[in-house]
Amino acid sequence: MSFISRIIPSKKILVVDIWTYKVKVALCEYKNWEINLLSIAEKKQEASDIIWSEIANIEWVSNTVSQAISKAIKDHNFNPKDIIINIPTSTIVSCWEKINYSRDKKNEEIDVNELDYIIWKVEKKALDLAKKEITKKTWFYDVDMKLITSSITDIMIDDLKVSNPMWFTWSNVNISTINIFIPSSRYNIINTISNYLSKNILSIIPLEFSIPKLLRNSEYAYDDVLFIDIWNTKTSVIIQKKWVIIGFDRIEIWINDLIKNIKQKEKTTTIQIINTIDDNEKYLEEKQQFLSVWEAWLIISIKEILWNNINIPNNVFLSGWWDNNFLRNHIKNINLNEHMLHSTKPLDFIDIDFKNDLWISWDINDLNKTNLWILSMILSAKDIVDTKNNQVFQILKNF
């Protein structure tokens, strides 16, 4: 029995990627199993609009997003109502939760209402954990949290692993989920922006949830992968095992501090540092100091994601503005034994074939590393559009 209709109505949406220095907007059409990228536009953001990864001026950010949308739709005779958007915030919490549910009517098939109730129980339990985690990050107690993304990672019916429990008869079910929360204050900021734009938010997607989608059609789709996305103000660490995201963390280590230390020693510009940082021996001491601290926090994040497991994926997908040779060389030479971690093979990097792996209809010249984040959001949006067309998948939120 098919759980998704074979004919999915055409859907046009705007994908909005907000970050510190710019806003990118993609105009997309989703029809059946196809993704058509109709246009992509960007608008520079003022440095004072987002401070320390948090929106500091809602009006100006909203105006920048509005201008980027206008650029994206200018050659088209429609302006979609629905948007999918990310959120620039450091206060994001992921909670992995497992719940055992025992049914009284074990001989009856499960229906949509019962499935909805089970998922509600899992999310409620995860919310309590999220409040504890946000207290660790912010030192504020009893923070009101908002669930923005929830995905089932594993379903066991008695001793049978399934992808959809509907129409099974069983007595016990174990459901594992990853739930992503942000403080309600951050959620309200995004709502204010959408109201300013007169848009309807289909979903808020943290990039830690969308980046693994870049491998969905590649040879690594079902492999274990360590994703490291590094930018000026943060590093995101994501671990995927057999297509499932088992957890992620953010490291608040600023590469801007490395740039600042180099500039204090050398009379040079930021652009010159960026262009020569791989090979310039003058920066060696500053790079080693930075990498020592960065590696320590990377290992802490990996261990928190893996819990008591010491097996780390050997496939590494590195992305972000600071995907460069000096970082790659350092990662490949990390001594895992020193950190009481293990990999079946030496750490090595994997990349995607932009032409063949993304399955997005668009100019191949724009399918490149500079657009990785918004391309990952476009792929995630495809799953969300499919989910909205199917009641069971909408409950499972398995995207």
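In what follows, the structure referred to is the one given above.
Residues numbered from 1 in each chain as written. Predicted model: local features only at pLDDT ≥ 70, side-chain atom pairs only at ≥ 80, totals over all residues. Heavy atoms only, no water.

Peer 1: Report on the sheet that holds strand β3 (residues 34–44), specifying residues and quantitative values.
Peer 2: Spatially, 5 strands are ordered β3-β2-β1-β6-β11 in an open sheet, and the strand pairing comes out mixed. Among the strands making up the open sheet, the edge pair consists of β3 and β11 (200–204). Across the sheet, the axes of successive neighbouring strands diverge by a mean angle of 25 degrees, strand direction being ignored. Of the strand pairs in this sheet, strand β2 (residues 22–31) and β3 are connected by 10 bridges, and their pairing is antiparallel. Its bridge partner lying in β3, Tyr30 is registered against Ile35. Sheet strands in contact with helix α3 (residues 184–197) are β6 (82–85) and β11, and its direction is about 145 degrees off that of β11. (Pairing = 2+ DSSP bridges. Helix = DSSP H or I, 4+ residues; strand = E, 2+ residues; numbered from the N terminus. Axes fitted to C-alpha atoms, helices over the stretch in contact; angles between N-to-C directions. Contact = heavy atoms within 4.5 Å.)

Peer 1: Account for the layout of surface pockets, naming residues and giving values.
Peer 2: Its boundaries defined by the atoms lining it, the second largest pocket holds a volume of some 520 Å³. In this structure, the second largest pocket is lined by 19 residues; those nearest its centre are Lys24, Trp231, Trp321, Lys369 and Thr370. Where the lining of the second largest pocket is concerned, the elements lending two or more residues are β2 and α9 (372–388). A per-class count over the lining of the second largest pocket returns 8 nonpolar, 5 polar and 6 charged. (1 Å grid on protein atoms, 1.4 Å probe; cavity = no way out; pocket = protein on both sides within 12 Å on 5 of 7 lines; lining within 4 Å. Points joined across faces, edges and corners; volume = space filled by probe spheres on them. Nonpolar A, V, L, I, M, F, W, Y, C, P; charged D, E, K, R; others polar.)

Peer 1: Any details on the sheet that holds strand β13 (residues 235–241)? Residues and values, ideally.
Peer 2: Strand order in the open sheet formed by 5 strands is β14-β13-β12-β15-β16, with mixed pairing between adjacent strands. Sheet topology places β14 (244–251) and β16 (348–349) at the edges, where each strand pairs with a single neighbour. Sheet analysis places β13 next to β14, joined by 7 bridges and oriented antiparallel. The residue of β14 that forms the bridge with Lys241 is Val244.

Peer 1: Could you give an account of the packing of helix α5 (residues 255–265) against helix α7 (residues 284–306), with specific residues and numbers?
Peer 2: Two numbers describe how α5 lies on α7: the axes approach to 10 Å, and their chain directions differ by 155 degrees. Classified by the angle between their axes, α5 and α7 sit roughly antiparallel to one another. The handedness of the crossing between α5 and α7 is right-handed. Each of Ile255, Leu258, Asn261, Ile262 and Lys265 in α5 lies in contact with α7, whose residues at this interface are Glu285, Glu286, Lys287 and Phe290. Tallied by class, the residues present in the contact of α5 with α7 amount to 4 nonpolar, 1 polar and 4 charged. (Parallel < 35°, antiparallel > 145°, perpendicular 65-115°, else oblique. Left-handed = near helix turned anticlockwise from the far one by under 90°.)

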